[in-house]
Amino acid sequence: MVVGSFSFIVLCDHFVVCICGLEIDACILFRLLSIAEETLAEFLSKATGTAVEWVQMPGMKPGPDSIGIVAISHGCPGVAARACGLVGLEPTRIAELLKDRPSWFRDCRAVDVLNVLPTANGGTIELLYMQLYAPTTLAPARDFWLLRYTSVLEDGSLVVCERSLKNTQNGPSMPVVQHFVRAEMFPSGYLIRPCEGGGSIIHIVDHMDLEPWSVPEVLRPLYESSTVLAQKTTMAALRQLRQIAQEVSQPNVTGWGRRPAAIRALSQRLSRGFNEALNGFTDEGWSMMGNDGMDDVTILVNTSPDKLMGLNLSFPNGFPSVSNAVLCAKASMLLQNVPPAILLCFLREHRSEWADSSIDAYSAAAVKVGPCSLPGSRVGGFGGQVILPLAHTIEHEEFLEVIKLEGIAHSPEDAIIPRDVFLLQLCSGMDENAVGTCAELIFAPIDASFADDAPLLPSGFRIIPLDSGKEASSPNRTLDLASALEIGPAGNKASNDHSANSGCMRSVMTIAFEFAFESHMQEHVASMARQYVRSIISSVQRVALALSSPHLSSHAGLRTPLGTPEAQTLARWICQSYRLYMSVELLKSSCEGSESILKTLWQHSDAIMCCSLKALPLFTFANQAGLDMLETTLVALQDITLEKIFDDHGRKTLCTEFPQIMQQGFACLQGGICLSSMGRPVSYERAIAWKVLNEEENAHCICFMFINWSFV
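Residues numbered from 1 in each chain as written. Predicted model: local features only at pLDDT ≥ 70, side-chain atom pairs only at ≥ 80, totals over all residues. Heavy atoms only, no water.

S.K.: Help me understand the overall build of the protein, please; the structure alone is not making it clear to me.
M.R.: Summing up its helical and strand segments, the protein has 15 helices and 28 strands in all. Counting across all 712 residues of the protein, residues that qualify as buried make up 56%. Expressed as a percentage of contacts within the protein between residues at least 6 apart in sequence, the contacts between residues at least 24 apart total 65%. In the structure as shown, the protein presents an accessible area of about 30200 Å², 53% of it carried by carbon and sulfur atoms. (Helix = DSSP H or I, 4+ residues; strand = E, 2+ residues; numbered from the N terminus. Buried < 20%, exposed > 50% of the residue type's maximum accessible area, 1.4 Å probe, protein only. Contact = heavy atoms within 4.5 Å. Areas by Shrake-Rupley, 256 points an atom, 1.4 Å probe, with all protein chains shown as cover.)

Encoded structure:
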């Protein structure tokens with residue numbers, strides 16, 4: 001498919017044959033086998049020897065929960081990473097999974113096996129052509145011309161190793177492909193050793209030269225960083241294997257009745273669709289439109305039947321969608337002193353700060369049957385955003401969710417009875433402590449039926465750190481940001497008591513938004529898309545300014561967006577009130593300072609959550625365990641009432657105990673069952689409720705702690 005335009009390869013200087021019917025004489029096969037054996041020896045010297053000087057991967061957590069032992073190269077040509085881990089799968093299954101690189105390596109566009117040659121020792125030599133997506137709009141994509149050698153060692157270990165084929169090796173060659181930069185892979189691969197008790201120990205080595213000379217200087221750290229290679233490729237392979245192994249050992253139906261494989265397929269479709277739009281390859285049918293005198297936003301159009309068929313823009317009633325073309329508006333921007341994870345978290349939890357509800361409604365309507373009008377003035381505003389968790393990976397580094405945008409009106413008729421819009425959303429890179437990880441927020445409108453083969457037209461954000469520096473942060477960062485945006489330019493309100501973040505943290509954000517439309521509306525849709533992306537850029541810059549300002553450092557404290565006290569102050573009140581009523585400390589470790597108290601409370605293993613003192617109590621705060629128990633987020637939490645999480649027995653108990661809480665200050669509740677926001681039953685051993693007092697010793701809220709909770 002990708003290389004359909006290439007009918008021939010050159011073997012040595014004298015032998016030209018067709019790929020589909022390749023006949024290789026003995027001397028050429030001997031040369032390929034020689035390259036394969038050299039590749040194997042060099043790979044093994046890296047995987048288990050000292051051919052490369054390895055140093056520990058920055059930021060890797062030790063212990064039993066660690067993904068494995070990960071190292072990066074020091075002082076060798078190109079970039080390299082090595083990992084070793086235990087996986088509960090058999091060697092042949094591992095090799096099969098890892099050879100299917102597009103299924104786990106999100107940057108991989110395609111791997112075409114152009115020829116398979118058996119060897120006398122029972123192994124195979126494969127000739128591969130591989131293409132990688134470009135991660136931003138600012139650099140071209142990469143491709144590789146590879147030899148892959150699969151063999152079994154004398155000790156029974158299975159080895160899959162590969163390297164680039166170059167003209168200097170006097171072997172097969174592949175012509176340069178337009179719009180791609182040919183990168184080089186040094187001997188790399190997988191050493192898979194079976195364990196006696198089942199499972200395998202796997203050694204992974206990735207070593208390549210990504211040709212950093214071909215990208216703007218500001219982006220070169222991406223192509224010269226072994227840490228980035230480790231996160232995107234080496235560790236991604238280990239994570240995929242661990243994910244599959246867990247699914248095999250625990251074949252449960254998750255994600256609203258969907259099998260894990262179906263969930264992974266949805267995530268893959270979102271990621272791949274975003275990458276395709278971002279790269280806009282001509283062989284996929286994309287063509288560039290002229291700009292409007294400014295080159296900040298690039299517009300691409302795709303009218304290819306293959307693209308539209310891939311979207312499956314038809315529905316069970318048999319009628320095709322009116323939309324017959326797809327437009328993509330994309331741009332990249334440089335950010336400074338903004339942690340990607342923090343910025344992405346804000347964009348996810350505060351969609352109304354940057355999104356236009358009428359555009360969301362248009363995007364949702366454009367992939368449905370029937371004509372849809374272009375968005376003009378807003379008929380209805382944001383009714384509300386509800387985040388519904390769907391699934392997450394084993395290490396929570398990526399999660400899939402459904403976003404429900406309530407009460408959005410797209411037409412005057414909808415203003416009477418506003419409709420709900422649903423988005424399927426993929427989030428990754430939310431861990432602030434993971435070095436070299438890019439943060440992504442990719443979403444696509446879906447129909448309420450949410451079929452597995454529903455058409456997906458992904459849009460979203462990708463934020464890639466350009467430096468390896470880290471910034472310590474705390475849970476109140478995104479809570480505080482909304483109020484910073486409300487008080488105007490962040491710099492005008494900054495306190496002189498706090499210094500700015502040390503160092504210069506740089507990252508590049510890439511934005512791509514897709515729209516399905518009727519072909520005769522192309523110019524109008526293009527104009528709307530340009531304006532929309534420019535408005536998003538402006539909003540992101542405003543958010544980034546607030547995030548990078550001194551008063552939002554980890555030592556600062558603003559009021560939360562819902563009018564509750566500062567997160568740090570609230571944490572202190574919770575602990576002080578618990579000590580007052582229970583005569584014991586809530587937090588076992590000694591905490592000094594409000595920031596330390598908040599961090600310890602946030603990481604407490606029991607679910608701790610606060611609700612308002614109103615006729616219909618609403619939750620206002622929860623620690624990480626509380627959010628996990630309720631299967632929600634800090635934003636969606638604020639739409640959950642206290643009574644919703646209890647069954648009938650729990651509500652009766654709460655009504656009985658509530659007067660005691662208000663008079664005595666606390667109550668101990670027997671173990672029971674409550675419900676998450678998804679309706680899943682949660683058992684808890686016991687619960688404690690206590691009144692939280694403010695500085696004036698007035699009741700501010702009620703705090704609940706559910707001890708030893710678990711899903712039933």
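S.K.: How should I be thinking about empty space enclosed by the protein in this particular structure?
M.R.: It is a probe the size of a water molecule, rolled over the atoms, that shows where empty space is left. Applying the stated criterion to the full structure yields 5 cavities of 30 Å³ or more. By volume, the second largest cavity amounts to about 110 Å³. Around the second largest cavity, the lining is made up of 15 residues, and of these S363, F443, P445, S459 and E514 lie nearest the centre. Elements represented by at least two residues in the lining of the second largest cavity include exactly α8 (357-366), β20 (439-446) and β22 (506-517). When residues in the lining of the second largest cavity are grouped by element, the largest group, 4 residues, is from β22. (1 Å grid on protein atoms, 1.4 Å probe; cavity = no way out; pocket = protein on both sides within 12 Å on 5 of 7 lines; lining within 4 Å. Points joined across faces, edges and corners; volume = space filled by probe spheres on them.)

S.K.: Can you walk me through the nonpolar core in this structure?
M.R.: Considering soluble globular proteins, one finds that nonpolar side chains tend to be buried as a cluster. Counting 55 residues, the largest nonpolar core has I574, L586, M609, M629, W690, F704 and F706 as the members making the most contacts within it. Those residues in contact with I574, other than ones at most four positions away along the chain, are L586, L601, C610, F621, W690, V692 and C703. Grouped together as the second largest cluster of nonpolar side chains are 51 residues, V301, V338, F399 and I463 included. (Core = buried A, V, L, I, M, F, W, Y, C linked by side-chain atoms within 4.5 Å.)

S.K.: Where do I start with the pairing of strand β23 (residues 607-611) in this structure?
M.R.: Put simply, side chains in a regular strand alternate between the two faces of the sheet. Within β23, 5 of the 5 residues are buried, which leaves the element mostly enclosed by the surrounding structure. As paired strands, β23 and strand β27 (residues 699-707) are joined by 5 bridges and run antiparallel to one another. Across the sheet, residue C611 finds its bridge partner in β27, namely I702. Looking at chain direction, β23 and strand β24 (residues 619-622) are connected through 3 bridges and run antiparallel. Across the sheet, the residue bridging to C610 is F621, located in β24. (Pairing = 2+ DSSP bridges.)

S.K.: Is there a simple way to explain helix α2 (residues 91-99) in this structure?
M.R.: Every α-helix carries 3.6 residues per turn, so stepping three or four residues along brings you back to the same face. Residues P91, I94, A95, L97 and L98 constitute the buried set of α2. Summarising the axial view, the buried residues of α2 lie within an arc of 165 degrees, below the 170-degree limit, and thus occupy one face. Those residues of α2 that are buried lie in contact with β5 (79-87), β9 (158-164), β12 (188-194), β13 (200-209) and α4 (226-249). (Arc of directions from axis to C-beta.)

S.K.: Is there a simple way to think about the packing of aromatic side chains in this case?
M.R.: The geometry of an aromatic ring pair is captured by two quantities: the separation of the ring centres and the angle between the planes. Applying the stated rule across the entire model yields 14 aromatic pairs. Ring geometry for W354 against F513: centres 6.4 Å apart, planes inclined by 70 degrees, an arrangement best described as edge-to-face. With W354 in the loop between α7 (340-349) and α8 and F513 in strand β22, this residue pair connects regions lying 159 residues apart in the sequence. You'll find W354 and F513 in the same group, each marked buried. Relative to F513, the ring of F443 lies with its centre 5.8 Å away and its plane at 65 degrees, an arrangement referred to as edge-to-face. Highlighted residues: F443 in strand β20 and F513 in strand β22, separated in sequence by 70 residues. Judged on exposure class, the residue F443 and its partner F513 are both buried. By way of ring pairs, the aromatic residues W354, F443, F461, F513 and Y532 are connected into one cluster. (Phe/Tyr/Trp six-rings, centres within 6.5 Å; stacked < 30°, edge-to-face > 60°.)

S.K.: Would you explain helix α5 (residues 260-279) in this entry?
M.R.: Here α5 is 20 residues long and its end C-alpha atoms lie 29 Å apart, about the 28 Å a rise of 1.5 Å per residue gives. Summarising burial for α5: 14 of the 20 residues are buried, a large majority. (Expected span 1.5 Å × (residues − 1).)

S.K.: Hey, could you run me through the confidence of the model for the protein in this one?
M.R.: Low-pLDDT stretches of the model should not have their predicted coordinates read in fine detail. Confidence in the prediction for the protein averages 80 pLDDT; 78% of positions are at 70 or higher. Ignoring residues within four places in sequence, the model shows residues 369-383, a span with pLDDT below 50, making 46 contacts including any to other chains. The low-confidence segment residues 469-503 (pLDDT under 50) makes 80 contacts with residues lying over four places distant or belonging to another chain. (pLDDT = per-residue confidence, 0-100.)

S.K.: Looking at this model, I keep getting lost on unusual backbone geometry. Mind explaining?
M.R.: Excluding glycine, residues mostly carry a negative phi; peptide bonds, for their part, are mostly trans. Unusually for a residue other than glycine, N337 sits at a positive phi of about 60 degrees. The topology assignment puts N337 in the loop between β16 (325-336) and α7. Residue N337 is classed as partly exposed on the basis of its relative accessible area of 23%. In this model, N708 sits at a positive phi of 50 degrees, which is unusual for a non-glycine residue. Following the sequence through the fold, N708 ends up in the loop between β27 and β28 (710-711).

S.K.: Could you clarify how one ought to interpret the environment of E276 in this entry?
M.R.: Along the chain, E276 turns up in helix α5. The class of E276 is buried, set by a relative accessible area of 18%. When the C-alpha positions of E276 and W286 are compared, they lie 9.4 Å apart, and in sequence the two are 10 residues distant.

S.K.: It is not clear to me how the layout of surface pockets should be interpreted in this structure. Could you clarify?
M.R.: When its volume is computed, the second largest pocket comes out at roughly 450 Å³. Those elements that provide at least two residues to the lining of the second largest pocket are α5, β14 (286-288), β15 (298-302) and β16. Taken together, the residues of the lining of the second largest pocket break down into 11 nonpolar, 9 polar and 2 charged. (Nonpolar A, V, L, I, M, F, W, Y, C, P; charged D, E, K, R; others polar.)

S.K.: Is there a simple way to explain the pairing of β13 in this structure?
M.R.: Counting buried residues along β13, 8 of its 10 residues qualify, which places the element largely inside the surrounding structure. Two elements, β5 and β13, share 9 bridges in a ladder whose sense is antiparallel. Bridged to A83 within β13 is I204. Inspection of the sheet shows strand β11 (residues 184-185) paired to β13 by 2 bridges, in the antiparallel sense. By the bridge assignment for β13, E184 is matched with D209. In this structure, β12 lies alongside β13, joined through 6 bridges in antiparallel fashion. For I192, the partnering residue across the bridge sits in β13 and is I202.

S.K.: How should the pattern of salt bridges be read in this particular structure?
M.R.: Two side chains bearing opposite charge may form a pair once their charged atoms approach each other closely. Within this structure, the stated rule accounts for 24 salt bridges. A salt bridge links R348 to E349; its shortest N-O distance comes to 3.8 Å. Here R348 and E349 have matching classes, each one buried. E440 is the salt-bridge partner of R462, the closest N and O atoms lying 2.5 Å from each other. Of this pair, R462 sits in strand β21 (residues 459-465) while E440 sits in strand β20, placing them 22 residues apart in sequence. Assessed through its relative accessible area of 2%, R462 is described here as buried. (Salt bridge = Lys/Arg side-chain N within 4 Å of Asp/Glu carboxyl O.)

S.K.: Just checking my understanding: could you explain the packing of α2 against α4 for this structure?
M.R.: The relative placement of two packed helices comes down to the angle between their axes together with the axis-to-axis distance. Between α2 and α4, whose axes approach to 11 Å, the crossing angle comes to 125 degrees. Judged on the interaxial angle alone, α4 and α2 are oblique. For the element pair α2 and α4, the recorded crossing hand is right-handed. Across from R93, I94, L97 and L98 in α2, the residues of α4 making contact are A237, L241 and I244. (Axes fitted to C-alpha atoms, helices over the stretch in contact; angles between N-to-C directions. Parallel < 35°, antiparallel > 145°, perpendicular 65-115°, else oblique. Left-handed = near helix turned anticlockwise from the far one by under 90°.)

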